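The residues making up each chain are set out below.
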Amino acid sequence: MRIFRSALYVLAAAAVVGCGNGDSGGTADTGGGTVGGKTGGGGQKIDIAVIPKGSTHDFWKHVHQGANEAAEELKKEGIDVTIDFQGPQVESDKNSQINMIDTMLSKKVKGIVLAPLDDKALAPSVDKAVGQDTPVVVIDSDVNTDKYVSFVATDNEKGGHMAGAEMIKRLGGKGRIAVLRYNVGSASTDKREKGFIDEIQANGKGITIVSMDQYAGPTRESAAKAAENMLAAYVKADGSPNLDGIYCPNESSTAGMLKVLEGKNWGGKVHFIGFDAAPDLVDGLNKGSIDALVVQNPEKMGHDGVMTLVEYITGKNKSPEKRIDTGAYLITKDNVTQPDMAKLVQPAKE
């Protein structure tokens, strides 16, 4: 979404300038000079925060990349945006994310792009920011308040339905499957799980979900342990899997499950559909250990989140769409090399 054009040169002169220094270990300073004034070329300078769910997964690196790309585009339009990009080390540390928001508010950032770790726990922080005249754009995962400017994300329930339809196709409409959920309170993955289960129950009448109440937890390591524990209950006497299909709803749960399946030499022996496109998951797809991946566009998510927020701050668009869909795509071994799909699975730039 390339939403800024030459009209921003006019708007920049009249809009409110940013403040705060934005310095921290996680800062990505895409501009230059001192926040809170004009750039040397006369453009506006705005300091914003981008707070993802985490900082280690490939997905969030793509979000960061997209946010920086937006800042570079805005610079060409005369608006110098400095992005302070910080996320928790572990994607269950809600308190850390709440503290990061408080820190950004104390720095007087002009706005926040937030991927909430928990739909309930982060709602008061969003309300607090808005109450202090700091607009918030929510990305990736929803939150239980309507005070944000816009929600920029994948249609997660639709993505779950896509995965379910592919599982039905792979199984010929019959079989035994398991769902390894992600983490309690994560709205995005809750919807991916719901979409998948609803699709199976509606259109896969011959398919039985034998397990759908176990959680992978926030890391690849916790996911591998959960996968090991879950699969231990579904082994035939000859050591082969007593399952026909498995579904995981995010990068870390998919990676943990992949590790265990390959460790048991079960790769390709059970149909496996996951979410997201980290390099090892794409490798698993190409080797046949994974049948399909539902892939998002995190780069677009970061880009459009920043663009929407700055457009709101500058007054270019005070009434953006409340819900902006960044797309979901089903990638298989057969289509992964197609140009549009290959672009979505490229590793993030370091």
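Residues numbered from 1 in each chain as written. Predicted model: local features only at pLDDT ≥ 70, side-chain atom pairs only at ≥ 80, totals over all residues. Heavy atoms only, no water.

## Some words on unusual backbone geometry
At step 1: Even without glycine at this site, Asp140 takes up a positive phi of about 70 degrees.
At step 2: The phi dihedral of Asn265 is positive, around 60 degrees, even though this residue is not glycine.
At step 3: Inspection of the secondary structure assignment puts Asn265 in the loop between α8 (251–263) and β10 (271–275).
At step 4: For Asn265, a relative accessible area of 52% puts it in the exposed group. (Helix = DSSP H or I, 4+ residues; strand = E, 2+ residues; numbered from the N terminus. Buried < 20%, exposed > 50% of the residue type's maximum accessible area, 1.4 Å probe, protein only.)

## Thoughts on the pattern of salt bridges
At step 1: For the structure on display, the rule yields 20 salt bridges.
At step 2: Between Glu72 and Lys75 there is a salt bridge, with its nearest N and O atoms 3.9 Å apart. Of the two residues, Glu72 and Lys75 are both situated in helix α2 (residues 58–76); the distance of three residues between them amounts to about one turn of the helix.
At step 3: Note on Glu72: relative accessible area 37%, which makes it partly exposed.
At step 4: A salt bridge links Lys191 to Asp142, with the nearest nitrogen and oxygen atoms 3.9 Å apart. (Salt bridge = Lys/Arg side-chain N within 4 Å of Asp/Glu carboxyl O.)

## Quick notes on the pairing of strand β6 (residues 150–153)
At step 1: Because side chains alternate across β6, one face comprises the buried residues Ser150 and Val152, and the other comprises Phe151 and Ala153, equally buried.
At step 2: Relative to β6, strand β5 (residues 136–139) runs parallel, the two being bridged by three bridges. The residue of β6 that forms the bridge with Val138 is Phe151.
At step 3: The pairing of β6 with strand β12 (residues 323–325) spans three bridges and is classified as parallel. If you follow Val152 over to β12, its bridge partner there is Ile324. (Pairing = 2+ DSSP bridges.)

## Brief notes about the packing of helix α3 (residues 94–106) against helix α4 (residues 123–131)
The axes of two packed helices give the description: the angle between them and the distance between them.
At step 1: Relative orientation of the contacting elements α3 and α4 amounts to 5 degrees, with a least axis distance of 10 Å. One way to sum up the angle between α3 and α4 is to call them roughly parallel. Contacts from Ile98, Ile101, Asp102 and Leu105 in α3 reach Ser125, Lys128 and Ala129 in α4. (Axes fitted to C-alpha atoms, helices over the stretch in contact; angles between N-to-C directions. Parallel < 35°, antiparallel > 145°, perpendicular 65-115°, else oblique. Contact = heavy atoms within 4.5 Å.)

## Some remarks on the packing of aromatic side chains
At step 1: Per the stated rule, a full pass over the model turns up three aromatic pairs.
At step 2: Taking the centre distance of 4.8 Å and the plane angle of 85 degrees together, the rings of Phe59 and Trp60 count as edge-to-face.
At step 3: Residue Phe59 is classed as buried on the basis of its relative accessible area of 8%.
At step 4: One Lys or Arg, Lys264, reaches over the ring of Trp266 and ends 5.3 Å from the middle of that ring. (Phe/Tyr/Trp six-rings, centres within 6.5 Å; stacked < 30°, edge-to-face > 60°. Lys NZ or Arg CZ within 6 Å of the ring centre and 35° of its normal.)

## Observations regarding the confidence of the model for the protein chain
At step 1: Taken as a whole, the protein chain shows an average pLDDT of 90; of its residues, 87% reach a score of 70 or greater.
At step 2: Between residues 1–42, whose pLDDT stays under 50, and residues either more than four places distant or in other chains, the model counts 113 contacts. (pLDDT = per-residue confidence, 0-100.)

## Considerations on the environment of Met257
At step 1: As for its placement among the helices and strands, Met257 is situated in helix α8.
At step 2: Considered as a pair, Met257 and Met230 are 27 residues apart in the sequence and their alpha carbons are 9.9 Å apart.

## Notes on the nonpolar core
At step 1: Residues Leu180, Leu231, Ile246, Met257, Leu261 and Phe272 are the most contacted members of the largest nonpolar core, which totals 34 residues.
At step 2: Here Phe272 is in contact with Ile246, Cys248, Thr254, Met257, Leu258, Leu261, Ser289, Ile290, Asp291 and Ala292, once residues within four sequence places are set aside. (Core = buried A, V, L, I, M, F, W, Y, C linked by side-chain atoms within 4.5 Å.)

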